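Listed below are the residues making up each chain.
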Amino acid sequence: MNTWKRTVGCGELTVTDVDATVRLNGWVNRRRDFGDLVFIDVRDRTGLVQVVADASVSRDVLEQAGALGREYVVAVEGAVRLRRPGTANAAMATGEIEVAAARIDVLNASEQLPFGVADDEFQASADETLRVQYRYLDLRRPDMYRRLKLRHQAVKYIRDFLDGHGFLEVETPLFTKSTPEGARDYLVPYRLNPGMFYALPQSPQQYKQLLMVGGVERYFQIARCFRDEAQRADRQPEFTQLDLEMSFIEQEDVLSLIEELHIGLVRAMSGKSMLTPFPRFTYDEAMDLYGTDKPDIRFGLEVVRLNGIAARCDFGVFRSAVDAGGGVAAVRYPGGSALSRREVDELGAMAREAGAGGLATIAVTELSAAHVKSALSRYFDATEMEAILTACHAEQGDLLCLVADAEPDTVNVAISRLRLEIGRRLNLRSPDMLCFCWITDFPLVKWDEANERWDSEHHPFTMPHEQDLPKFDTDPAAIRAHCYDLVCNGQESGSGSIRIHRADIQERVFDLLGISRERQQERFGHILKAFSYGAPPHGGIATGIDRLIMNLLGEANIREVIAFPKTGMGYDPLMDSPSRVDQEQLDELGLAVKRQKQ
């Protein structure tokens, strides 16, 4: 062979190539030896093709083929031909043809792999740490390549879409100032002045606002962000988001743009169904209907509030919960009256894990208050029980699940989890649906009981509703923000807001958060100064790229859509990081390590 370079991809060959001489590069996916015939499936990123070494053509090539091992890297030259009648493989895109090898060169041998990478031998339950440790092998699997390719195509779609809407892609610094936004910053020591630190950005928030002050007007970035927080299946310490900002706009402009982007993207990249236009709920509506600001709207079974009925009943637990400022909520379990005692107890345990004292149930064996089965029957007369059945839209065979607590948050967490569990058990949370919705009008601040202070519900740069400005001094909890979240199937998919663009309002928000004027200048003086030089009204959003790809592919674990992810606790078994550094490096940076007590 004069050169080992390919002329065509393995998966690109078709019957139109019959009689053509081709050169292939790839990995030996499988070898089958039949003496005078050796069949090799050669794989590259385009797919598989069968290569045949035939003693009647070349015994040297046959011997070469017989010596090949799994995952050897090879170059093959040969003629494309139709497979013999009856031997076509309908499961392969190239199953009608094969390549008769005239020459095989081994470009590199391979030791035995720690796990199989062929589709039919890889087990999805394989140890995840092992897969990440040998990620370069895991990436050889066609399924992993498909995920990376879709990610590439999705990001390209986003770039093309925003370019068509007049946006400018601008990179912002990765070394910035530490301004914690609810999670810990990753700090980078500054060698030239020991004791000084950069921070890796949790988001480009301030930079993109400064770009608006600079007159860019329409900015976006596929931004790398970093947050030192607890790891979950849908989170990583470093992640990628679509970050954008627009000047001279209102909230509706951002929502309609992002909705158009996501509808087009899902239709172009996925066969999943959607609800369009995206339903919209205010924060208060979402909490009332679903007990959460991240509702899964693939199914109904909305939460029913029973405070009015509970306040008048003889059941002390319910009545005291309402009197204390909490409440009573219910969710309907269609067909749930047939559940076993153990299955009902599992629901009760779930409510207790969420902080509730327990779970009350009403089994609607017949659609009549006189024929329900419930320990509550002794406390509610027929009229009150009928009112509960009516409020919950109960049907014969249903089980009504009721939660009460003096803390509204506890009621919401418990009833929301029960609703999701019922949806799971009844297979109502279809993986083939992507149900986006908007949540708007979040509270500007929330009270931190432990530290006795107000904290931002999202971040301190969010514009409050103008009509709520008088409430800063009287009722901060009632201040609504021009803030919006994009939610998909019960997960936050993006978050944004109309930003504060006036220094006086920004200072007032900082004051409410307990940040002294001296501290404001130290941490945020640059942006306050920028606002004094004619900052335009502006707003934007950031949506998670990793979670978007998860949703498009129906993956439950974010690590499946990232080329080189971290495992639990932010550990990278491939590079064995984080790791210790030499004392010489620490001395140069002016750092000393303080060991934590075990």
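First, a word on scope: everything that follows refers to the structure included in this document. (Residues numbered from 1 in each chain as written. Predicted model: local features only at pLDDT ≥ 70, side-chain atom pairs only at ≥ 80, totals over all residues. Heavy atoms only, no water.)

1. So, the overall build of the protein chain
Then, in step 1: Broken down by element type, the protein chain carries 16 helices and 23 strands.
Then, in step 2: Dimensions along the principal axes, computed over C-alpha positions, put the protein chain at roughly 95 × 70 × 55 Å.
Then, in step 3: Among the 598 residues that make up the protein chain, the fraction classed as buried is 49%.
Then, in step 4: When the accessible surface of the protein chain is summed, it comes to about 29,500 Å², and 49% of that surface belongs to carbon and sulfur atoms.
Then, in step 5: Computing the positive centroid from 70 side-chain charges and the negative centroid from 90, the protein chain places the two 3 Å apart. (Helix = DSSP H or I, 4+ residues; strand = E, 2+ residues; numbered from the N terminus. Buried < 20%, exposed > 50% of the residue type's maximum accessible area, 1.4 Å probe, protein only. Areas by Shrake-Rupley, 256 points an atom, 1.4 Å probe, with all protein chains shown as cover. Lys, Arg positive; Asp, Glu negative; His and termini not counted. Charge placed at Lys NZ, Arg CZ, Asp CG, Glu CD.)

2. Remarks on the sheet that holds strand E6 (residues 168-169)
Then, in step 1: The mixed open sheet is built from eight strands, whose spatial order is E6-E9-E10-E23-E22-E21-E18-E12. Strand pairing shows two members of the sheet lacking a second neighbour, E6 and strand E12 (280-282), which therefore form its edges.
Then, in step 2: Relative to strand E21 (residues 483-488), strand E18 (residues 436-440) runs antiparallel, the two being bridged by five bridges. Note on E21: the bridge partner recorded for isoleucine 439 is aspartate 485. (Pairing = 2+ DSSP bridges.)

3. Here we look at the environment of arginine 147
Then, in step 1: Looking at the secondary structure, you find arginine 147 in helix H4 (residues 142-164).
Then, in step 2: Take arginine 147: its relative accessible area is 6%, and that puts it in the buried class.
Then, in step 3: Along the primary structure arginine 147 and methionine 550 are separated by 403 residues, whereas in three dimensions their C-alpha atoms are 9.2 Å apart.
Then, in step 4: Setting aside anything within four residues of it in sequence, one finds arginine 147 in contact with Arg131, Arg141, Ile549, Leu553, Glu555 and Glu560.
Then, in step 5: A polar contact is formed between the side chain of arginine 147 and the side chain of aspartate 143, at a distance of 2.5 Å. (Contact = heavy atoms within 4.5 Å. Polar contact = N/O pair within 3.5 Å; in protein donor to acceptor, adjacent residues only side chain to side chain.)

4. Notes on the pattern of salt bridges
Then, in step 1: Counted by the stated rule, this structure contains 47 salt bridges.
Then, in step 2: Where arginine 135 meets aspartate 138, a salt bridge forms, and the shortest distance between an N and an O atom there is 2.9 Å. Here aspartate 138 and arginine 135 lie together in helix H3 (residues 135-138), a separation of three residues that amounts to about one turn. Summarising the burial analysis for this pair, arginine 135 and aspartate 138 share the class buried.
Then, in step 3: Between glutamate 169 and arginine 159 there is a salt bridge, with the nearest N and O atoms lying 2.7 Å from each other. Of this pair, glutamate 169 sits in strand E6 while arginine 159 sits in helix H4; the two residues are ten residues apart in sequence, bridging distant segments of the chain. (Salt bridge = Lys/Arg side-chain N within 4 Å of Asp/Glu carboxyl O.)

5. With respect to the packing of aromatic side chains
Then, in step 1: Inspection of the entire model under this criterion finds 15 aromatic pairs.
Then, in step 2: For the pair phenylalanine 510 and phenylalanine 524, a centre-to-centre distance of 4.6 Å together with 20° between the ring planes defines the contact as stacked. Taken as a pair, phenylalanine 510 in helix H13 (residues 503-512) and phenylalanine 524 in helix H14 (residues 517-531) lie far apart in primary sequence, 14 residues in all.
Then, in step 3: Given a relative accessible area of 3%, phenylalanine 524 falls into the buried group. (Phe/Tyr/Trp six-rings, centres within 6.5 Å; stacked < 30°, edge-to-face > 60°.)

6. Observations regarding the sheet that holds strand E4 (residues 73-82)
Then, in step 1: Strand order in the closed barrel formed by five strands is E1-E2-E3-E5-E4, with mixed pairing between adjacent strands. Looking at each pair of strands side by side, their axes are set apart by 55° on average, direction ignored.
Then, in step 2: Strand direction decides the pairing type here: E4 and strand E5 (residues 97-108), joined by ten bridges, are antiparallel. Note that in E5 the partner of valine 76 across the bridge is isoleucine 104.
Then, in step 3: Together, strand E1 (21-33), strand E2 (37-44), strand E3 (47-54) and E5 form the strand contacts of helix H1 (residues 59-66), whose direction differs from that of E5 by roughly 65°. (Axes fitted to C-alpha atoms, helices over the stretch in contact; angles between N-to-C directions.)

7. Brief notes about helix H11 (residues 382-391)
Then, in step 1: When H11 is considered as a whole, its buried residues turn out to be Glu384, Met385, Ile388 and Leu389. Down the axis of H11, the buried side of the element spans an arc of 140°, and every buried residue falls inside it. In this structure, H11 carries Ala382, Thr383 and Thr390 as exposed residues pointing more than 90 degrees from its buried face.
Then, in step 2: On its buried side, H11 packs onto helix H8 (307-310), strand E15 (360-363) and strand E16 (399-405).
Then, in step 3: The N-cap residue of H11 is aspartate 381: its side-chain oxygen and the backbone nitrogen of threonine 383 are 3.1 Å apart.
Then, in step 4: One or two steps after H11, the chain reaches histidine 393, where phi turns positive at roughly 55°. (Arc of directions from axis to C-beta.)

8. Brief notes about H1
Then, in step 1: Within the sequence span of H1, burial applies to Val61, Leu62 and Ala65. Seen along its axis, H1 keeps its buried residues to an arc of 105°; they face one direction. Along H1, exposed side chains directed more than 90 degrees from the buried face belong to Asp60 and Glu63.
Then, in step 2: Along its buried surface, H1 packs onto E1, E2, E3 and E5.

9. Things to note about the side chain of arginine 135
Then, in step 1: A relative accessible area of 2% places arginine 135 in the buried class.
Then, in step 2: Separated by 2.8 Å, the side chain of arginine 135 and the backbone oxygen of isoleucine 562 make a polar contact.
Then, in step 3: Those residues in contact with arginine 135, other than ones at most four positions away along the chain, are Met144, Arg559, Glu560, Ile562, Ala563, Phe564, Pro565 and Leu574.

10. Some thoughts on a negative patch on the surface
Then, in step 1: Side chains of Glu407, Asp409, Glu449 and Glu452 sit close together on the surface and give a patch of like negative charge.
Then, in step 2: Residue position: glutamate 449 is located in the loop between strand E19 (445-448) and strand E20 (453-456).
Then, in step 3: Classification of glutamate 449 as exposed rests on a relative accessible area of 59%. (Patch = residues over 30% accessible without salt bridge, like charges linked within 9 Å, V, L, I, M, F, W, Y side chains within 5 Å.)

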